[in-house]
Amino acid sequence: MSESQHPSDVSGRLNTGVAHNARVWNYWIGGKDNYEVDQQVGDQVATMFPVIRDVARADRAFLGRTVRFLTAECAVRQFLDIGTGLPTLDNTHEIAQRIAPESRAVYVDNDPIVLVHARTLLTGTPQGVTDYIDADVHCPDSVIEGASATLDLDRPVAVMMLGILNFVLDTGQAQDIVRRIMASVPSGSYLVLTHPTTDTDLGGEGNVEAMKFWNANATPPITARSRAEISAFFDGLDLLPPGLVSCSLWRAESNSATALPQFGAVAVKP
């Protein structure tokens, strides 16, 4: 187990005076790695868009279901988790290694607050491997180069991109990032993705004003996209059933699950 990059100037990169997505998200799912400013902004967003806490929890639950599915039913043993966020209960490697102890996971983030907690992600089974690289999704070549030190890119990889492309504001650039990363992994690899939407059939219209407030008061800036725009991320890949749906409904384990304005899907590279 290793940590590829751990710059000594992390504390200098931290800004605890402005709300930050990783910490606010942590607050919404009930974590403790956040500050008062994160709680204030998080509460205001939740006032404007009351389902946001449900979205955060549903996104996390989607992660668990997809990793269990890919490990147990698809025999995936390698995971590239881009936009890791703060460690919490049942991280990707823990779920995978519980089923297949030899599983390997590489976490990618460039958020200094996540980097501070990265060592929490570097614990796993003796048979498996976990790694963390400090890299930016906007630079996919660096992501792949860093991941290749731990993952065998000649064997299938599950690329996890949960709630990360919404921070790439240009849709064309976001699509190019996905294309380049998926081009670097072999046939039989998977793309697992969630993304907020403005589509009204999922209640996404509430995202508009909430995101305007967020972009004026927090960092990094964020955007939501339509079903068609999110579908385009899967061009050239084969969507697995049930396709592109609200992440809360993807292979839901409860009949009481309701749709939320966060799309989720899993696709395989032919």
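Relevant structure appears above.
Here the structure is a predicted model, which is why all the values come from computation and not from measurement. (Residues numbered from 1 in each chain as written. Predicted model: local features only at pLDDT ≥ 70, side-chain atom pairs only at ≥ 80, totals over all residues. Heavy atoms only, no water.)

Caption draft 1: Structural context of the overall build of the protein. Helix and strand counts for the protein come out as 10 helices and 11 strands. Taking 2.2 N^0.38 as the reference for a compact globule, 270 residues should give roughly 18 Å; the C-alpha atoms of the protein span a radius of gyration of 17 Å, in line with that estimate. With the C-alpha coordinates aligned to their principal axes, the bounding extent of the protein is approximately 45 × 45 × 35 Å. Counting only residues that meet the buried cut, the protein has 52% of its 270 residues in that class. A separation of at least 24 residues holds for 74% of the contacts in the protein among residues at least 6 apart in sequence. Carbon and sulfur atoms make up 50% of the accessible area of the protein, which amounts to about 11,200 Å² in all. (Helix = DSSP H or I, 4+ residues; strand = E, 2+ residues; numbered from the N terminus. Rg over C-alpha atoms; globule rule 2.2 N^0.38 Å. Buried < 20%, exposed > 50% of the residue type's maximum accessible area, 1.4 Å probe, protein only. Contact = heavy atoms within 4.5 Å. Areas by Shrake-Rupley, 256 points an atom, 1.4 Å probe, with all protein chains shown as cover.)

Caption draft 2: Seen up close, the pattern of salt bridges. The final tally for this structure, using the stated rule, is 11 salt bridges. What you see here is one network of salt bridges that share partners, running through Asp-141, Asp-176, Arg-179 and Arg-180. (Salt bridge = Lys/Arg side-chain N within 4 Å of Asp/Glu carboxyl O.)

Caption draft 3: The side chain of Thr-197, seen in detail. Within the secondary structure, Thr-197 is located in the loop between strand S7 (190-196) and helix H9 (206-217). Not counting residues within four places of it along the chain, the set of residues in contact with Thr-197 comprises Leu-202, Gly-204, Asn-207, Ala-224, Arg-225, Ser-226, Arg-227, Ile-230, Pro-261, Gln-262 and Phe-263.

Caption draft 4: Layout of the pairing of S7. Counting buried residues along S7, 7 of its 7 residues qualify, which places the element largely inside the surrounding structure. Neither face of S7 is left uncovered, since the one carrying Tyr-190, Val-192, Thr-194 and Pro-196 and the one carrying Leu-191, Leu-193 and His-195 both have all their residues buried. Where strand S6 (residues 158-162) and S7 come together, 5 bridges link them in parallel fashion. Bridging across to S7, Met-160 finds its partner in Val-192. In this structure, S7 lies alongside strand S11 (residues 262-268), joined through 7 bridges in antiparallel fashion. Paired with His-195 across the two strands is Phe-263, which belongs to S11. (Pairing = 2+ DSSP bridges.)

Caption draft 5: Region of interest: the packing of aromatic side chains. Inspection of the entire model under this criterion finds 3 aromatic pairs. Considering the side-chain rings of Trp-25 and Trp-28, the 6.0 Å spacing of their centres and the 70° angle between planes classify their relative orientation as edge-to-face. A residue pair is termed a helical-turn pair when its members lie 3 or 4 positions apart in one helix, as Trp-25 and Trp-28 do in helix H2 (residues 21-28) at 3 residues. Under the relative-accessibility criterion, Trp-25 is labelled partly exposed at 24%. Where Phe-62 meets Trp-250, the ring centres are 5.6 Å apart and the plane angle is 75°; that geometry is what we call edge-to-face. Taken as a pair, Phe-62 in helix H4 (residues 52-74) and Trp-250 in the loop between strand S10 (245-246) and S11 lie far apart in primary sequence, 188 residues in all. (Phe/Tyr/Trp six-rings, centres within 6.5 Å; stacked < 30°, edge-to-face > 60°.)

Caption draft 6: Quick peek at the nonpolar core. Counting 84 residues, the largest nonpolar core has Leu-80 and Met-161 as the members making the most contacts within it. No other element matches H4, which puts 9 residues into this core. What Leu-80 contacts, discounting residues up to four positions off in sequence, is Val-106, Val-108, Val-143, Ile-144, Ala-147, Leu-151, Val-157, Ala-158, Val-159 and Met-160. (Core = buried A, V, L, I, M, F, W, Y, C linked by side-chain atoms within 4.5 Å.)

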